[in-house]
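# Fold and contact review
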Amino acid sequence: MSDSTIDGQVAARPAMGMFERFLTVWVALCIVAGIALGQMIPGAFRVLGNATVAQVNLPVAVLVWLMIVPMLLKIDPMALREVGRHWRGIAATVGVNWLVKPFSMALLAWIFIGHVFRPFLPADQIGSYTAGLILLAAAPCTAMVFVWSNLVDGEPHFTLSQVALNDTIMVLAFAPIVALLLGLSSITVPWDTLVLSVVLYIVVPVTVAQLWRRAQLARGGLAALNRTLRALAPVSLCALLLTLVLLFGLQGEQILRQPLVIVLLAVPIIIQVYFNAGLAYGLNRSLGVAWCVAGPSALIGASNFFELAVATAIVLFGFQSGAALATVVGVLVEVPVMLSVVHMVRRSRGWYERGIGDVRAG
């Protein structure tokens, strides 16, 4: 699902496959399967949930690496050279991703979880739900955005350079932003666990993926890399789905008691997606950025790295926490909401380009 540049070439542009197109369906089926299996064989799920070393659940760690490494394998760090060509679109996206999105989600969580929906939520999980929503918004998506960009005819080099830049920033900024916002929400931050999760789920996968990428390119060039990417295409989503089965197997009893929680948690997530997509899109239009850059900018500005959020929530707060549940709700709503953003971006192209003409004329 990536565009990559090797000696001036660009890898084949991605199309949305069956897994991606029907991700919401698979997630829903995994929720049902996980809840059912959790009720049928609770002992097996407890064993898996207790398989931890230094607060890190080993089955989840393996599944998360299987999720993340194939995605990061697509990232060409040399794409950072393209940043200067698209600096206005890059500036708009980086601003939304790192200066607006985590803080807007914290505000939405405070409004909806802390106040509006508080009477309908379990009191002992309010802080945990807020933490999960913050984790969900604290890192921009690195994989599915290639699909969204393709669907809006996005400029491939911009998308690639933006994702490469975001990954670089994420290594340094994810932990401090999460710690800051959790601190503001009066949630105790286990710094050692948070730093460990960043090392395990960002630093290590990025390093492994780049070493593997170099080996593939040295052995057979872009053709060998593309063959590997095609072979690994189902791995990330299958690992995500297995993680959801495990997560919902452990959370099933709580969900069956309070299904309304899922709906209420989805509200701030959906609002923040539309808000940040619209903000990034509008910023690009005001800066006179071409539509083929503004489209992926809006989508990158709105989407979340839910694989990292799920993993970090589990490490920080545990399988059965409200934080873990909140991040999983993000997975559930991500695809249909982002597809609606794709539709809006495509339908608004005429309006956008008329505005670009006015900016350039002025």
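These numbers come from a predicted model, not from an experiment.

Along the backbone of the chain there are 14 helices and four strands. Across the 362 residues that make up the chain, the buried fraction comes to 59%. Counting only contacts in the chain whose residues sit at least 6 apart along the sequence, the fraction spanning at least 24 positions is 85%. Accessible area of the chain: about 14,400 Å², with a carbon and sulfur share of 68%.

This part takes up the side chain of Asn284. As for its position among the elements, Asn284 is in helix 10 (residues 260-286). Classification of Asn284 by relative accessible area gives buried; the value is 0%.

Mean pLDDT over the chain: 81, with 84% of residues reaching 70 or higher. Across residues 1-14, where pLDDT falls below 50, the model places 45 contacts with residues more than four positions away in sequence or in other chains.

Glancing now at the pattern of salt bridges. A complete count under the given rule lists two salt bridges for this structure. Between Asp153 and Arg346 there is a salt bridge, and its shortest N-O distance comes to 3.4 Å. Separated by 193 residues along the polypeptide, Asp153 in the loop between helix 7 (144-151) and helix 8 (156-184) and Arg346 in helix 13 (residues 322-347) bring together distant segments of the chain. Judged by its relative accessible area of 40%, Asp153 is partly exposed.

Maximal helix bending in helix 8 amounts to about 50°, located at Ala173; proline Pro176 follows within four positions. Among the 29 residues in helix 8, 21 count as buried, and that is most of the element. In this structure Glu155 caps helix 8, since a side-chain oxygen of it lies 2.7 Å from the backbone nitrogen of Phe158.

Where helix 6 (residues 126-137) contacts helix 10, the two axes come as close as 11 Å, and the packing angle between them is 35°. For the pair helix 6 and helix 10, the sense of crossing is right-handed. Residues Tyr129, Leu133, Leu136 and Ala137 of helix 6 touch helix 10, and the partners they reach there are Val261, Leu265, Pro268, Ile269 and Gln272. Looking at the contact of helix 6 with helix 10 residue by residue, the class counts come to eight nonpolar, one polar and no charged.

Now for a nonpolar patch on the surface. On the surface, a nonpolar cluster with roughly 480 Å² of combined accessible area is contributed by Val62, Trp65, Leu66, Val199, Val203, Val204 and Val208. Those elements that place two or more of their residues in the nonpolar patch are helix 4 (58-72) and helix 9 (191-257). No other element matches helix 9, which puts four residues into the nonpolar patch. Inspection of the secondary structure assignment puts Val199 in helix 9.

It is worth spelling out the side chain of Thr228 at this point. Relative to the helices and strands, Thr228 is located in helix 9. The exposure class assigned to Thr228 is buried, which follows from its relative accessible area of 12%. Filtering out sequence-adjacent residues up to four positions away, Thr228 remains in contact with Leu73, Trp212 and Gln216.

It is worth spelling out the environment of Trp65 at this point. Considering the arrangement of structural elements, one finds Trp65 in helix 4. Assessed through its relative accessible area of 30%, Trp65 is described here as partly exposed. Through-space distance from the C-alpha of Trp65 to that of Pro205 is 6.6 Å; in sequence the pair is 140 residues apart. Apart from the residues within four sequence positions on either side, Trp65 is in contact with Pro70, Leu200, Tyr201 and Pro205.

Across the interface, helix 6 lies against helix 13 with an axial gap of 7 Å and an inter-helix angle of 45°. As far as their axial angle goes, helix 13 and helix 6 are oblique. Of the two elements, helix 6 crosses helix 13, and the hand of that crossing is right-handed. Seen from helix 6, the contacting residues are Ser128, Tyr129, Ala131, Gly132, Leu133 and Leu136; seen from helix 13, they are Gly322, Ala323, Leu325, Ala326, Thr327 and Gly330. The residue inventory of the contact of helix 6 with helix 13, partitioned by class, reads seven nonpolar, five polar and no charged.

Glancing now at the nonpolar core. Ranked by internal contacts, the top residues of the largest apolar core, which has 110 residues, are Leu121, Phe174, Tyr201, Leu244, Phe248, Leu265 and Leu325. For this core, the element with the most residues is helix 13, which contributes 15 residues. Once residues within four sequence positions are removed from consideration, Leu121 is found in contact with Ile113, Ile126, Tyr129, Val261 and Leu264. In terms of nonpolar packing, the next biggest core, distinct from the first, is built from five residues, Leu73, Leu222, Leu225 and Leu232 among them.

Attention now moves to the environment of Ala106. With respect to the helices, strands and loops of the structure, Ala106 is situated in helix 5 (residues 87-116). On the accessibility criterion, Ala106 (16% relative accessible area) is buried. Counting along the chain gives 162 residues from Ala106 to Pro268, while the straight-line C-alpha distance between them is 9.5 Å.

Right, let's get into the packing of aromatic side chains. Applying the stated criterion across every chain, the model contains three aromatic pairs. When the centroid spacing of 6.2 Å and the interplanar angle of 40° are considered together, the rings of Tyr281 and Trp351 count as tilted. Taken together, the residues span a long stretch of sequence, with Tyr281 in helix 10 and Trp351 in helix 14 (residues 349-361) at a distance of 70 residues. An aromatic cluster of at least three residues, connected via ring pairs, comprises Tyr281, Trp351 and Tyr352. Between the NZ or CZ atom of Arg285 and the centre of the ring of Trp351, over which it lies, the distance is 3.7 Å.

Parameters and conventions
Residues numbered from 1 in each chain as written. Predicted model: local features only at pLDDT ≥ 70, side-chain atom pairs only at ≥ 80, totals over all residues. Heavy atoms only, no water. Helix = DSSP H or I, 4+ residues; strand = E, 2+ residues; numbered from the N terminus. Buried < 20%, exposed > 50% of the residue type's maximum accessible area, 1.4 Å probe, protein only. Contact = heavy atoms within 4.5 Å. Areas by Shrake-Rupley, 256 points an atom, 1.4 Å probe, with all protein chains shown as cover. pLDDT = per-residue confidence, 0-100. Salt bridge = Lys/Arg side-chain N within 4 Å of Asp/Glu carboxyl O. Bend = angle between axes of the 7 residues up to and from the residue. Polar contact = N/O pair within 3.5 Å; in protein donor to acceptor, adjacent residues only side chain to side chain. Axes fitted to C-alpha atoms, helices over the stretch in contact; angles between N-to-C directions. Left-handed = near helix turned anticlockwise from the far one by under 90°. Nonpolar A, V, L, I, M, F, W, Y, C, P; charged D, E, K, R; others polar. Patch = residues over 30% accessible without salt bridge, like charges linked within 9 Å, V, L, I, M, F, W, Y side chains within 5 Å. Parallel < 35°, antiparallel > 145°, perpendicular 65-115°, else oblique. Core = buried A, V, L, I, M, F, W, Y, C linked by side-chain atoms within 4.5 Å. Phe/Tyr/Trp six-rings, centres within 6.5 Å; stacked < 30°, edge-to-face > 60°. Lys NZ or Arg CZ within 6 Å of the ring centre and 35° of its normal.

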